[in-house]
Amino acid sequence: EITKEQQALMKIITDAYNRHQIPQDVAKKLLQDQYSAEENFLLLTEMATSQVQVLVEFTKNIPGFLSLDREDQIALLKGSAVEAMFLRSAQVFSRKMPSGHTEVLEERIRKSGISEEFITPMFNFYKSIGELHMVQEEQALLTTVTILTPDRPYVKDQQAVERLQETMLDVLRKLCVLQHPQEPQYFARLLGRLTELRTLSHYHTEMLASWRMNDHKFTPLLCEIWDV
Ligand SMILES: CC(C)c1onc(-c2c(Cl)cccc2Cl)c1COc1ccc(-c2ccc3c(C(=O)O)c[nH]c3c2)cc1
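Residues numbered from 1 in each chain as written. Predicted model: local features only at pLDDT ≥ 70, side-chain atom pairs only at ≥ 80, totals over all residues. Heavy atoms only, no water.

Right, let's talk about the packing of helix H5 (residues 101–110) against helix H6 (residues 116–130) for a bit. Here H5 crosses H6 at 160 degrees, and the two axes come no closer than 11 Å. Taken as axis vectors, H5 and H6 run roughly antiparallel relative to one another. Relative to H6, H5 is oriented so that their crossing is right-handed. Judged by residue contacts, Glu 106, Ile 109 and Arg 110 of H5 engage Ile 119, Met 122, Phe 123 and Tyr 126 from H6. Per-class residue counts for the contact of H5 with H6 are five nonpolar, no polar and two charged. (Axes fitted to C-alpha atoms, helices over the stretch in contact; angles between N-to-C directions. Helix = DSSP H or I, 4+ residues; strand = E, 2+ residues; numbered from the N terminus. Parallel < 35°, antiparallel > 145°, perpendicular 65-115°, else oblique. Left-handed = near helix turned anticlockwise from the far one by under 90°. Contact = heavy atoms within 4.5 Å. Nonpolar A, V, L, I, M, F, W, Y, C, P; charged D, E, K, R; others polar.)

Here we come to the confidence of the model for the protein chain. Of all residues in the protein chain, 98% have pLDDT values of 70 or greater, and the mean over the chain is 94. The complex prediction reports pTM at 0.95, with the ipTM value standing at 0.96. (pLDDT = per-residue confidence, 0-100.)

Inspection of the region around the ligand gives 26 residues, with Gln 51, Arg 95, Tyr 126, His 204 and Trp 211 positioned closest. One nitrogen or oxygen atom from the side chain of His 204 is found 2.8 Å from a nitrogen atom belonging to the ligand. Relative to its unbound accessible area of 730 Å², the ligand is 100% covered by the protein chains. With six residues, the single largest contributor to the shell around the ligand is helix H3 (residues 37–60). A class-by-class count of the residues in the shell around the ligand yields 18 nonpolar, six polar and two charged. (Near = heavy atom within 4 Å. Polar contact = N/O pair within 3.5 Å; in protein donor to acceptor, adjacent residues only side chain to side chain. Areas by Shrake-Rupley, 256 points an atom, 1.4 Å probe, with all protein chains shown as cover.)

What follows is the structure in structure tokens.
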């Protein structure tokens with residue numbers, strides 16, 4: 001019983017999610033043939049920077065987001081960027097990119113100076129997302145729900161964010177029932193992934209600290225969004 005408004009909302013968000021992707025010429029750089037830890041780190045930094053730009057554009061298309069307090073918009077983007085990028089890169093793995101980016105992306109992540117203690121949970125997450133076989137509407141809405149998390153640091157008007165997130169959760173819940181009728185727990189499993197994302201986000205903070213200790217440089221955009 002998805003209403004007409006909810007269908008319109010889902011279409012806006014899914015179209016925006018599909019429209020805002022890393023440009024193919026940037027994604028293709030993953031296929032170049034240098035595989036040193038240094039080269040991998042530089043390429044992943046380029047991917048992440050491009051992905052953040054794509055994420056900012058996508059977020060502007062979330063109905064109601066631009067009506068939030070300007071500083072809260074920034075706080076939501078900073079607080080959710082890593083989680084949104086885990087979701088997006090997870091979809092690259094589960095989509096089994098035809099252009100073979102999947103294997104190459106995995107290879108570069110595994111050999112970019114990330115310690116094994118973070119690699120294991122990261123790829124377990126990628127596997128658990130792949131097993132959900134989300135349709136693109138679910139992927140777009142799950143990313144939107146993640147961005148609209150009210151309890152990020154420095155968010156002032158949490159109620160306003162909560163109202164928006166609840167609207168999106170209601171659509172996502174109905175969509176899950178429609179798309180996975182044989183699995184009544186599917187929506188709950190999706191929300192369980194959001195908990196896993198928070199844990200990965202904490203690991204990511206340590207990954208950044210370790211890269212910085214080894215004198216790795218990030219781009220100005222990543223320094224701004226990750227306060228590094
Ligand atoms: C600063 C660097 C070293 C970093 O720090 N933490 C992480 C990091 C890591 Cl290593 C894992 C998860 C999240 C983050 Cl932020 C990263 C690298 O982040 C990314 C972000 C996004 C892609 C990514 C997205 C889409 C596509 C795509 C398509 O859509 O067609 C094709 N190729 C894609 C590549 C890859 C790597």
